[in-house]
Amino acid sequence: MLIAKGDLVNIRELRWGDLKYLQKWSNDPEVAFWARGVKDVSYTSAGEFRRWYYSRSNSSIKRFIVETKDKKPIGSISYRDYDPVNKVVVLGIHIGEKEYWGKGFGTDAIKAFVKYLFATLDINRIELDTFDDNIRAIKAYQKCGFKIEGVLREARFIDGKFHDVIIMGMIRKDFEKIANRTQI
Ligand SMILES: CC(C)(COP(=O)(O)OP(=O)(O)OC[C@H]1O[C@@H](n2cnc3c(N)ncnc32)[C@H](O)[C@@H]1OP(=O)(O)O)[C@@H](O)C(=O)NCCC(=O)NCCS
């Protein structure tokens with residue numbers, strides 16, 4: 001089932017057959033580097049991946065598939081750690097098919113997903129973090145209305161070097177301003 005539509009992508013619920021895509025993307029060192037800041041990927045077989053995935057299926061993460069308008073799965077987008085007291089969720093995305101990087105697909109997916117989250121969840125805030133070298137991600141989030149709220153200096157040690165963690169967030173007021181301006 002589709003949960004959100006952008007201009008370039010649709011976002012749909014996860015299906016059993018998507019595990020092979022999630023496995024492929026999670027085994028790709030370049031995707032893993034930008035998404036999780038890890039350089040050495042521990043490759044998993046289909047069976048191992050399935051077991052790992054289902055061992056986490058009761059966790060607080062809700063994952064969806066980002067697909068092109070002709071239904072090609074290109075990545076995944078998720079929210080996790082819903083906090084009903086403070087009304088916050090944490091957003092995550094990876095476009096796993098690398099030929100789709102830098103062409104607006106990620107920004108389009110984030111915009112559509114943010115709209116879905118504010119429309120369907122009782123939340124006031126969406127937050128995330130990334131690391132200083134991930135300029136593409138920082139720019140994509142900013143284009144969607146996220147603001148840099150803080151920097152944890154040298155909080156991650158990635159590939160032999162300390163990196164700043166960039167904390168970003170969007171509150172409902174920001175979203176409503178953008179929505180009024182652009183009629184989304
Ligand atoms: C981060 C991600 C979702 C962004 O989506 P995308 O479709 O690649 O990005 P977009 O094309 O929508 O926008 C990226 C912006 O960064 C710029 N950009 C693209 N490639 C870049 C690069 N190599 N270095 C710096 N900036 C870059 C683009 O020009 C664009 O900005 P502009 O519109 O001001 O020109 C996607 O690249 C991705 O999934 N990457 C791998 C995993 C990851 O980093 N996940 C996020 C972890 S927090």
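Residues numbered from 1 in each chain as written. Predicted model: local features only at pLDDT ≥ 70, side-chain atom pairs only at ≥ 80, totals over all residues. Heavy atoms only, no water.

### Digging into the site of the ligand
Neighbouring the ligand are 23 residues, the closest being Ile95, Gly104, Gly106, Thr107 and Lys143. For the ligand, a nitrogen atom lies 3.0 Å from a polar atom in the backbone of Ile93. For the ligand, an oxygen atom lies 2.4 Å from a polar atom in the side chain of Thr107. Relative to its free-state accessible area of 950 Å², the ligand is covered by the protein chains to the extent of 76%. The set of elements that each furnish at least two residues to the shell around the ligand consists of helix H2 (29-36), strand E5 (88-95), helix H4 (105-120), strand E6 (125-131) and helix H5 (135-144). Here the element with the most residues in the shell around the ligand is H5; it accounts for seven residues. Of the residues belonging to the shell around the ligand, the class tally is eleven nonpolar, seven polar and five charged. (Near = heavy atom within 4 Å. Polar contact = N/O pair within 3.5 Å; in protein donor to acceptor, adjacent residues only side chain to side chain. Areas by Shrake-Rupley, 256 points an atom, 1.4 Å probe, with all protein chains shown as cover. Helix = DSSP H or I, 4+ residues; strand = E, 2+ residues; numbered from the N terminus. Nonpolar A, V, L, I, M, F, W, Y, C, P; charged D, E, K, R; others polar.)

### Some thoughts on the side chain of Asp18
Relative to the elements of secondary structure, Asp18 occurs in the loop between strand E2 (9-13) and helix H1 (19-26). If near-sequence neighbours (up to four positions away) are discounted, Asp18 is found in contact with Arg12, Glu13 and Ile65. (Contact = heavy atoms within 4.5 Å.)

### Structural notes on the packing of H4 against H5
The geometry of H4 relative to H5 is characterised by a closest axis approach of 9 Å and an angle of 40° between their N-to-C directions. The pairing of H4 with H5 is recorded here as oblique in orientation. Judged by the twist between their axes, the crossing of H4 over H5 is right-handed. Mapping the contact onto sequence places Thr107, Ile110 and Lys111 in H4 and Ala140, Tyr141, Lys143 and Cys144 in H5. (Axes fitted to C-alpha atoms, helices over the stretch in contact; angles between N-to-C directions. Parallel < 35°, antiparallel > 145°, perpendicular 65-115°, else oblique. Left-handed = near helix turned anticlockwise from the far one by under 90°.)

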